[in-house]
Amino acid sequence: MEKGRRDFIKTSALALAGSAAAVQFIQAGNGIQCVPALIQNKKNMKLSFRPYNLQLKHVFTVASYSRTTTPGVQVEVTYEGVTGYGEASMPPYLGESVESVVAFLSKVNLSQFADPFQLEDILLYVDGLAPGNTAAKASVDIALHDLVGKLLGAPWYKIWGLNRDKTPSTTFTIGIDTEEVVKEKTREVAGQFNILKVKLGKDNDKEMIRAIRSVSNLPIAIDANQGWKDRAHALDMIHWLREQGCVMVEQPMPKEQLDDIAWVTAQSPLPVFADESLQRLADVERLKGAFSGINIKLMKCTGMREAWKMLTLGRSLGMKVMIGCMTETSCAVSAAAQLSPAVDFADLDGNLLISNDLFRGMQVVKGKITLTDLPGIGIEKI
């Protein structure tokens, strides 16, 4: 009888140890409590990353600099044999570098989390590791969203309850250049886009617009990149641009001149969107009244989780919303595109500006953002 009892206990213990759930005994006050614990087959997430330099098809010039490449870091988070992809892109003005991103990611320990669905807890931990480092944080956020979407078997636009038929057209960006180059770039994309985005903010602004208007009648979104310093000049330019068929203006003046921007916005015939003035969720409410809308970028706001919160808050404050990007592969661009059915404007052409994309994802069909049915952020490796 005693032997049978011992065999029963041994067999039960082995069965318990081999299952996903087990029992753990802990000291609690003056007594012992029995609580569930995972003691076998505990699964953890694994983070890996590598630098990857993005090669631009053309020299890219804005009001403050020119470049032919953009440094980046590609990220993977693996769990139960499923891999989520993420990316950090670091244009010069963000203040991050490959070295800073790698240093930050080296601190991230995802193996302490057994459940990738706990995005709030995980990303709160990642955000708290160090101030700043928004592109580095975004790379982890994007990879986690891709992973969770794959585990759920659904793309994020569906998880958020959005209708992919409502995606907007994306702008195609034309950087500051000579009249002939501007004309050439405009002709090159003729018939592919429904709206252009033009970088202004130097002393040849009107020449740029006239050059485009000589070869195209498409609507134009303007990004002055803080290039106009005088508010009267900024307002005069906006009135002139409206006459040329421009439909919105982004960051007309330096972010430090918020009162001047508010003055311009109050009298502007076009909606005025915040870009450099806006970084994260805490900035949105502060900018109400100074801008008509906000331009959300994953690399600045730490990723999809915070971008969704910014979009929701902006809408609740009566602001227009734009989703933008940096120079990125189809990984980060497709992640941002998951929010696009809920915005007024989209500037998601960063992957179209590079020659060495690593992924296939969001497509531009007749100028319109077209989302895939692939789960997660909707990409596949090329």
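Residues numbered from 1 in each chain as written. Predicted model: local features only at pLDDT ≥ 70, side-chain atom pairs only at ≥ 80, totals over all residues. Heavy atoms only, no water.

Caption draft 1: Molecular detail of the overall build of the protein. Regarding its fold elements, the protein presents 13 helices and 19 strands. Across the 382 residues that make up the protein, the buried fraction comes to 53%. Considering only contacts in the protein between residues 6 or more positions apart, those separated by 24 or more positions represent 67%. Counting every atom, the protein has about 16,700 Å² of accessible surface; 52% of that belongs to carbon and sulfur. (Helix = DSSP H or I, 4+ residues; strand = E, 2+ residues; numbered from the N terminus. Buried < 20%, exposed > 50% of the residue type's maximum accessible area, 1.4 Å probe, protein only. Contact = heavy atoms within 4.5 Å. Areas by Shrake-Rupley, 256 points an atom, 1.4 Å probe, with all protein chains shown as cover.)

Caption draft 2: Seen up close, the nonpolar core. Membership of the largest hydrophobic core comes to 110 residues, with the highest contact counts inside it found for Ile222, Trp228 and Leu348. The element best represented in this core is helix H4 (residues 134–152), accounting for 9 residues. Ile195, Ala221, Met322 and Phe345 belong to the second-largest nonpolar core, a separate cluster that totals 6 residues. (Core = buried A, V, L, I, M, F, W, Y, C linked by side-chain atoms within 4.5 Å.)

Caption draft 3: Structural detail: empty space enclosed by the protein. In total, this model carries 1 cavity of 30 Å³ or more according to the counting rule given. Within this model, the largest cavity holds a volume of roughly 60 Å³. Looking at the largest cavity, the residues that line it are Leu123, Val126, Asp127, Lys137, Asp141, Arg280, Thr302, Arg305 and Glu306. Of all the elements in the fold, those that place two or more residues in the lining of the largest cavity are helix H3 (119–127), H4 and helix H12 (304–316). A per-element tally of the lining of the largest cavity places H3 first, with 3 residues. (1 Å grid on protein atoms, 1.4 Å probe; cavity = no way out; pocket = protein on both sides within 12 Å on 5 of 7 lines; lining within 4 Å. Points joined across faces, edges and corners; volume = space filled by probe spheres on them.)

Caption draft 4: View of the side chain of Lys137. Its location among the elements puts Lys137 in helix H4. Looking at Lys137, its side chain comes within polar contact range of the side chain of Asp127, at 2.8 Å. Those residues in contact with Lys137 that lie beyond four places of it in its chain are Phe104, Val126, Asp127, Ala130, Pro131, Gly132, Arg280 and Thr302. (Polar contact = N/O pair within 3.5 Å; in protein donor to acceptor, adjacent residues only side chain to side chain.)

Caption draft 5: Structural view of the sheet that holds strand S13 (residues 293–297). Spatial ordering of the open sheet is given by S8-S9-S10-S11-S12-S13-S14-S15, a layout of 8 strands whose pairing is parallel. With partners counted over all chains shown, the strands left at the sheet margins are strand S8 (171–174) and strand S15 (345–346), one partner each. Alignment of strand S11 (residues 246–250) against strand S12 (residues 272–274), held across 2 bridges, turns out to be parallel. Following the sheet pairing, Glu250 is matched in S12 by Phe273. (Pairing = 2+ DSSP bridges.)

Caption draft 6: Layout of helix H2 (residues 98–105). Inspection of H2 places Val98, Val101, Phe104 and Leu105 among the buried residues, and these make up the whole buried set. Viewed end-on, H2 has its buried residues packed into an arc of 135°, placing them on one side of the element. Its buried side turned inward, H2 meets strand S3 (46–51), strand S6 (72–79), strand S7 (82–89), H3 and H4. (Arc of directions from axis to C-beta.)

Such coordinate-based values are descriptive only and should not be taken to indicate function.
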